[in-house]
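One-letter residues, chain by chain:
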Amino acid sequence: DALIVTHADNDHSGNQQNVIDTYHPSIVHTSHHEPFSVGFLHLFDLNPVKNDDENESSIVDFLTLNGMKLLLMGDASSYTEEKIIQRYPNLNADLLKLSHHGSHTGSSEKFLNTVRPMLGIISSGAYSIYHHPSPEVITRLNARRIPWLDTKEEGDISILCFPFFNVLLTSRGKIDIIRV
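A. Spatial organisation of the pattern of salt bridges. According to the stated counting rule, one finds 3 salt bridges in the structure shown. Between Lys-174 and Glu-154 there is a salt bridge whose closest N-O contact spans 3.1 Å. You can see Lys-174 sitting in the loop between strand S11 (165-170) and strand S12 (175-179) and its partner Glu-154 sitting in helix H6 (residues 151-154), a full 20 residues away along the chain. Taking relative accessible area as the criterion, Glu-154 reaches 10% and is therefore assigned buried.

B. The confidence of the model for the protein chain, seen in detail. Mean pLDDT over the protein chain: 92, with 98% of residues reaching 70 or higher. For the protein chain, per-element mean pLDDT is lowest for helix H1 (residues 10-13), which scores 80, and highest for helix H4 (residues 109-115), which scores 98.

C. View of the nonpolar core. Of all hydrophobic cores here, the largest spans 20 residues; its most connected members are Leu-71, Met-73, Leu-91, Leu-96, Phe-111 and Leu-141. Those elements giving two or more residues to this core turn out to be helix H3 (78-87), H4 and helix H5 (135-143). With 13 residues, the next largest nonpolar core counts Phe-36, Leu-65, Met-68 and Ile-178 among its residues.

Definitions and limits used
Residues numbered from 1 in each chain as written. Predicted model: local features only at pLDDT ≥ 70, side-chain atom pairs only at ≥ 80, totals over all residues. Heavy atoms only, no water. Salt bridge = Lys/Arg side-chain N within 4 Å of Asp/Glu carboxyl O. Helix = DSSP H or I, 4+ residues; strand = E, 2+ residues; numbered from the N terminus. Buried < 20%, exposed > 50% of the residue type's maximum accessible area, 1.4 Å probe, protein only. pLDDT = per-residue confidence, 0-100. Core = buried A, V, L, I, M, F, W, Y, C linked by side-chain atoms within 4.5 Å.

Printed below as a string of structure tokens:
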């Protein structure tokens, strides 16, 4: 129903036209957007930073899915995180898709302390020359006892929604119940 391209870096926007041609989304956002709804989902872009730095200016979407609060950070930097928590000082999320593939440039201590996620998701590739996620970010998560999953290790990560609970599944066989 919708395609959101957080920013123009190829690892976020590559193959965009093929996705559009295959799935025919009715909504396509490739830059900051006003709040919008698709089906029962309401998405809010929380990033106030709009400059020439693609990562700092990434779309950062917040949504609620079957009682879970999700925060999807794109490639936002710690500078962007600071601007977001200045604007939304009580921001918290149950599930945090960590910024910039778990790079040391994001997921700052102050940001993690503010958002206090129950679970962190890291989207990283097995053959990345950048070796994401960074050990510093993993240390920050572990110090706060925030469990995390990495697509490099787990493969696809899916959330199935049922009344009163959600089920998290990975293509490598992990299953977890997330109560709402």
